[in-house]
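Structural features, examined
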Amino acid sequence: MYVLGAVMLALLCALILRRLKERRICLDVKRLDGKTVLITGGNSGIGRVVAVALAKRGARVIITSHDERVGEEAVRQIQRESLSLDVRFMKLNMANLQSIRDFCQTFHQAEQRLDILINNAGVPAVLDWTEDGFSMCFGCNHLGPFLLTNLLLSLLKSSSPSRVVTITSDIYKYQKLDFQDLNYNLVPLFTYCRSKLANLYFTQELARQTQGSGVTAYAVHPGYVAGDWMAQFSLLFQVVAYVFVSMFFISCEAGAQTVIYCAVSDEVLQHNGGYFTDCRPRRLCSYAQDAGVAKKLWEASEGMVGLTSSHRGPAMS
Ligand SMILES: NC(=O)c1ccc[n+]([C@@H]2O[C@H](COP(=O)([O-])OP(=O)(O)OC[C@H]3O[C@@H](n4cnc5c(N)ncnc54)[C@H](OP(=O)(O)O)[C@@H]3O)[C@@H](O)[C@H]2O)c1
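Worth saying up front: this structure is predicted, and the values here are computed from it rather than measured.

What to know about the overall build of the protein
Each helix and strand counted, the protein has 10 helices and 8 strands in total. Relative to the compact-globule value of 20 Å for 317 residues, the protein shows a C-alpha radius of gyration of 19 Å, a close match. Reported as C-alpha extents along the three principal axes, the dimensions of the protein are approximately 70 × 50 × 40 Å. Within the protein, the proportion of its 317 residues that are buried is 53%.

Dropping the structure here:
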């Protein structure tokens, strides 16, 4: 009896905590008719919810996935949920530099404009290597969006005012970058933290470099989200983990709110290069605001992806 009571109480507390954590929503109702939005990895999790929300506001939404079948199915779902037919899929593997170059070339040929780029695709804490020989987290979570954004920058500039929203994580604060070993690949969680710290430096340096061009950049921590990654565990695990997950994680819908806010709200314009969570700007740890480190990472990343300033125009082949 006592055990049942304790379980019920824990469930009730979990639900109340979850409701409290999900209270922040994007209240900006701005429409996006005539705008084009690119969401990497918009086929699942947070990205898919953002895709539905922005398609509902009238934007042309392009999602990517590295699996054609999954991407096409996601497009049908997003069209159904948003009641918009202006949603399309393009294949892209963020862990492969040539795939990103090919994608950007096709994008430049097929699309007239790009108003909002959402760098959402990312791998969780894994120890693996990309085909180009980079650590999977650093390669897919940082170098991929870095190259993609640079190759699409001319289109973002010609469509300005435009925005780049990159999804980072609050977990960035548990690591620092080691420039002797940017491809650090020893502890899965640490390599993930470093890639998310790199997203913050990237956003700040992008904002600095594009100042005055009409392109602005924002980094978002969506919250700890019980996204589609939960599906990889057995149903039994999911049931057992429910209370824990309810207490510490939020839904994809709630996690998507700050991404949507940074994509649409004009309130964020005064915080170019800023870091947002719960639909408001937040202060970063001092070392994560180091402009010198941000510039150094940018230059190192240019070298790693083979990008020179002459390549910022239409996508290089
Ligand atoms: N969930 C959280 O608690 C949390 C917290 C902070 C930050 N974030 C960040 O939020 C973003 C979205 O995460 P989520 O929770 O929504 O996870 P998710 O449901 O697993 O979504 C990840 C997305 O990234 C795509 N992706 C992964 N590897 C890729 C690759 N090599 N090439 C192209 N696309 C690839 C996936 O596409 P495929 O299905 O094609 O693999 C999927 O669409 C990530 O950047 C993540 O780091 C999440």
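Notes on the site of the ligand
Around the ligand, a shell composed of 27 residues is seen, among which Asn43, Ser65, Asn120, Tyr192 and Val225 lie nearest. At a separation of 2.7 Å, an oxygen atom of the ligand approaches a polar backbone atom of asparagine 120. Here the ligand has 870 Å² of accessible area as a free molecule, and 86% of this is covered by the chains. Taken together, the elements giving at least two residues each to the shell around the ligand come down to α2 (45–56) and α6 (188–209).

Comments concerning helix α4 (residues 97–110)
Its 14 residues give α4 an end-to-end C-alpha distance of 20 Å, which sits within 8% of 20 Å, the value for a rise of 1.5 Å per residue. Regarding α4, the residues found buried are Leu97, Ser99, Ile100, Arg101, Phe103, Cys104, Phe107 and His108. Backbone nitrogen of glutamine 98 and a side-chain oxygen of the N-cap are separated by 2.9 Å at the start of α4; the cap is asparagine 96.

Considerations on the environment of lysine 173
With respect to the secondary-structure elements, lysine 173 resides in the loop between β5 (162–167) and α6. Overall, the relative accessible area of 34% leaves lysine 173 in the partly exposed class. Residues lysine 173 and isoleucine 39 lie 134 residues apart in sequence; the distance between their C-alpha atoms is 26 Å. The residues contacting lysine 173, other than those within four sequence positions of it, are Cys285 and Tyr287. Reaching out from lysine 173, the side chain makes a polar contact with the side chain of aspartate 170 at a distance of 2.9 Å.

Concerning the packing of aromatic side chains
Following the criterion strictly, the structure yields 7 aromatic pairs and no others. Their ring planes at 70° and their centres at 6.1 Å tell us that phenylalanine 146 and phenylalanine 202 sit as a pair that is edge-to-face. Of this pair, phenylalanine 146 sits in helix α5 (residues 136–158) while phenylalanine 202 sits in helix α6, and the two are 56 residues apart along the sequence. Given the relative accessible area of 0%, phenylalanine 146 is considered buried. Since its relative accessible area comes to 3%, phenylalanine 202 is described here as buried.

Conventions we followed
Residues numbered from 1 in each chain as written. Predicted model: local features only at pLDDT ≥ 70, side-chain atom pairs only at ≥ 80, totals over all residues. Heavy atoms only, no water. Helix = DSSP H or I, 4+ residues; strand = E, 2+ residues; numbered from the N terminus. Rg over C-alpha atoms; globule rule 2.2 N^0.38 Å. Buried < 20%, exposed > 50% of the residue type's maximum accessible area, 1.4 Å probe, protein only. Near = heavy atom within 4 Å. Polar contact = N/O pair within 3.5 Å; in protein donor to acceptor, adjacent residues only side chain to side chain. Areas by Shrake-Rupley, 256 points an atom, 1.4 Å probe, with all protein chains shown as cover. Expected span 1.5 Å × (residues − 1). Contact = heavy atoms within 4.5 Å. Phe/Tyr/Trp six-rings, centres within 6.5 Å; stacked < 30°, edge-to-face > 60°.

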